[in-house]
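Take a look at the letters that make up each chain.
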Amino acid sequence: MKEYLKDIFGGFYSLVQGMRVTMAQFFKPTVTVHYPHEALKMTPKFRGHIELVSDPSTGKPICMACKLCEKTCPSHCIIVEGVKREGEKHRSIKEFKLDFTKCSLCGSCVEVCKSQAIRFSRDYNLAGTSKEDFIMDLFKRLEAEQVAEAAQADASPSAKQPEAKPAEQPKTEVR
Ligand code: SF4
Ligand code: SF4
């Protein structure tokens, strides 16, 4: 009987001890990031997939479709297609495909591009359900980003014009 009671009290004591530790931690501020509601700021040296850089004065990609990055990539995951348009000094890109499933983020393409037309993105949030989701057209992606940025700028309150007063409706007689 004595041993039995001893076991009960011992069990109860260890339960109280465990709860004391749990409750002490429960009310402490959390140290983990509450993803996806919170996100860590990426360090400047973080390497996401490569992305095209646009010329701030023209908004167009700096890339001249010289294909140097394509030839340098050890994983053969870049395909660049360019076009020479009339009146332009350099070729312009019309397609810049990246197969991110093969990319080792080695950085050779970024280093070899003397025009600094590509860089590593800060995009760490990639998710997809198939391999095709990671085969990207970086040219189209850049264009889509620019369209989204322009739409966001238009929608910002500072960009909005003062709202025009609604035209007065003619009064209708109530009989
Ligand atoms: S990103 Fe640079 S290296 Fe690659 S095709 Fe364009 S200009 Fe040439
Ligand atoms: S980072 Fe390396 S593997 Fe990835 S696209 Fe550039 S050269 Fe190819």
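The rules behind each value
- Residues numbered from 1 in each chain as written.
- Chains lettered and ligands numbered in written order.
- Predicted model: local features only at pLDDT ≥ 70, side-chain atom pairs only at ≥ 80, totals over all residues.
- Pairing = 2+ DSSP bridges.
- Helix = DSSP H or I, 4+ residues; strand = E, 2+ residues; numbered from the N terminus.
- Axes fitted to C-alpha atoms, helices over the stretch in contact; angles between N-to-C directions.
- pLDDT = per-residue confidence, 0-100.
- Contact = placed C-beta atoms within 7 Å.

Quick look at the sheet that holds strand β5 (residues 135-137)
Part 1 of the reasoning: Taking strand neighbours across the sheet as the criterion, the three strands line up as β2-β3-β5 in an open arrangement whose pairing is antiparallel. Where the open sheet ends on each side, the last strands, each with one partner, are β2 (78-83) and β5. With direction set aside, neighbouring strand axes in the sheet form an average angle of 10 degrees.
Part 2 of the reasoning: Both β2 and strand β3 (residues 92-99) contribute to a ladder of six bridges, which runs antiparallel. Residue pairing for β3: glycine 82 is matched across the bridge by isoleucine 93.

Some thoughts on the pairing of β3
Part 1 of the reasoning: Alignment of β3 against β5, held across three bridges, turns out to be antiparallel. Bridge assignment links leucine 98 to a residue of β5, and that residue is methionine 136.

A look at the confidence of the model for the protein
Part 1 of the reasoning: With 89% of its residues at a pLDDT of 70 or more, the protein shows a mean pLDDT of 87.
Part 2 of the reasoning: Low pLDDT, under 50, characterises residues 163-175; the predicted model gives this stretch zero contacts beyond four residues in sequence or across chains.

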